[in-house]
Amino acid sequence: MVWLLGNNLDFAGAARMQALRAPLLELSAIFSEDHTEWLNKSIGNSVACVDNLPSPRFIKTHLPWQLLPNQLDTIKPKIIYIARNPKDLCVSYYYYCTLIHGLNGTFDEFCECFLANKTPIGSVWEHVMEFWKRRNEPNILFLKYEDMKLDLPGTIWKCAEFLGVSNKMTQEDVDNVATHLMFEKMQNNPAVNLDPILNPDQPADKNENRKIKFIRNGKIGDWQNYMDNYMSQKFDKWIEENTR
């Protein structure tokens, strides 16, 4: 969405792999022991890749504020931050680690690590709160995943206004972006679904049959299909303690 809004709704250009046009800043670290052959061949060092992008740059990251460049407090680039229900986040993160990094372990074991802040990148709350306390700064737009799912066109308008391009947009434009961003389309879009990385030698039609996909579910409340009452109550207590 952000890349399209910043590039005059260039849908043809959006067919280029997202990892190249909007790189993940920390990808070299994440893939330091996984998928290194693809990384070295396609991107190289992800920080250098970001450094060499023409302005304006579009950069993705999952890093907490403390690990991002110190200049964020002075240069103040525009940042769109997305928070999500920690229960759904945990489920999504578990399947990501399983698919991308070959995680061995049960979902319940992963939940215990998640609750103890021992999954990669650490505490969810420390991550969210650093951006939450800056949410009223003019260069930061704090969004919630659930709000996007419930009103995608409204979120597109909000992002367009934040990026200063809403005056160029029509409702038809927004509807076209919303159609492009439909979950089913993203799931089958090789520019974003990581199939070229995970299955480089496999035809796209074969990838549709894989049991776990990088873009997996995207539904609100999917945690209910994975957590029993005991684990759900542990999460509820943990959430209440950290948001009190």
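Residues numbered from 1 in each chain as written. Predicted model: local features only at pLDDT ≥ 70, side-chain atom pairs only at ≥ 80, totals over all residues. Heavy atoms only, no water.

(A) Here's a closer look at the pairing of strand β1 (residues 79–83). Residues Ile79, Tyr81 and Ala83 of β1 are buried on one face, while the alternating residues Ile80 and Ile82, pointing to the opposite face, are not. Across five bridges, β1 lies against strand β2 (residues 140–144) in parallel orientation. Residue Ile80 lies in a different strand from β2, and its bridge partner there is Leu141. (Buried < 20%, exposed > 50% of the residue type's maximum accessible area, 1.4 Å probe, protein only. Helix = DSSP H or I, 4+ residues; strand = E, 2+ residues; numbered from the N terminus. Pairing = 2+ DSSP bridges.)

(B) Representation of the pattern of salt bridges within the structure. Overall, the coordinates contain seven salt bridges when judged by the stated rule. Its salt-bridge partner being Arg134, residue Asp73 comes within 3.8 Å of it at the nearest N-O pair. Here Asp73 is found in helix α6 (residues 72–75), whereas its partner Arg134 is found in the loop between α9 (124–132) and β2, with 61 residues between them in sequence. Asp73 gets classed as partly exposed once you look at its relative accessible area, which sits at 39%. Look at Arg134 and you get buried, because its relative accessible area is 10%. For Glu137, the salt bridge is made with Lys76, and the minimal N-O distance between the two is 3.3 Å. (Salt bridge = Lys/Arg side-chain N within 4 Å of Asp/Glu carboxyl O.)

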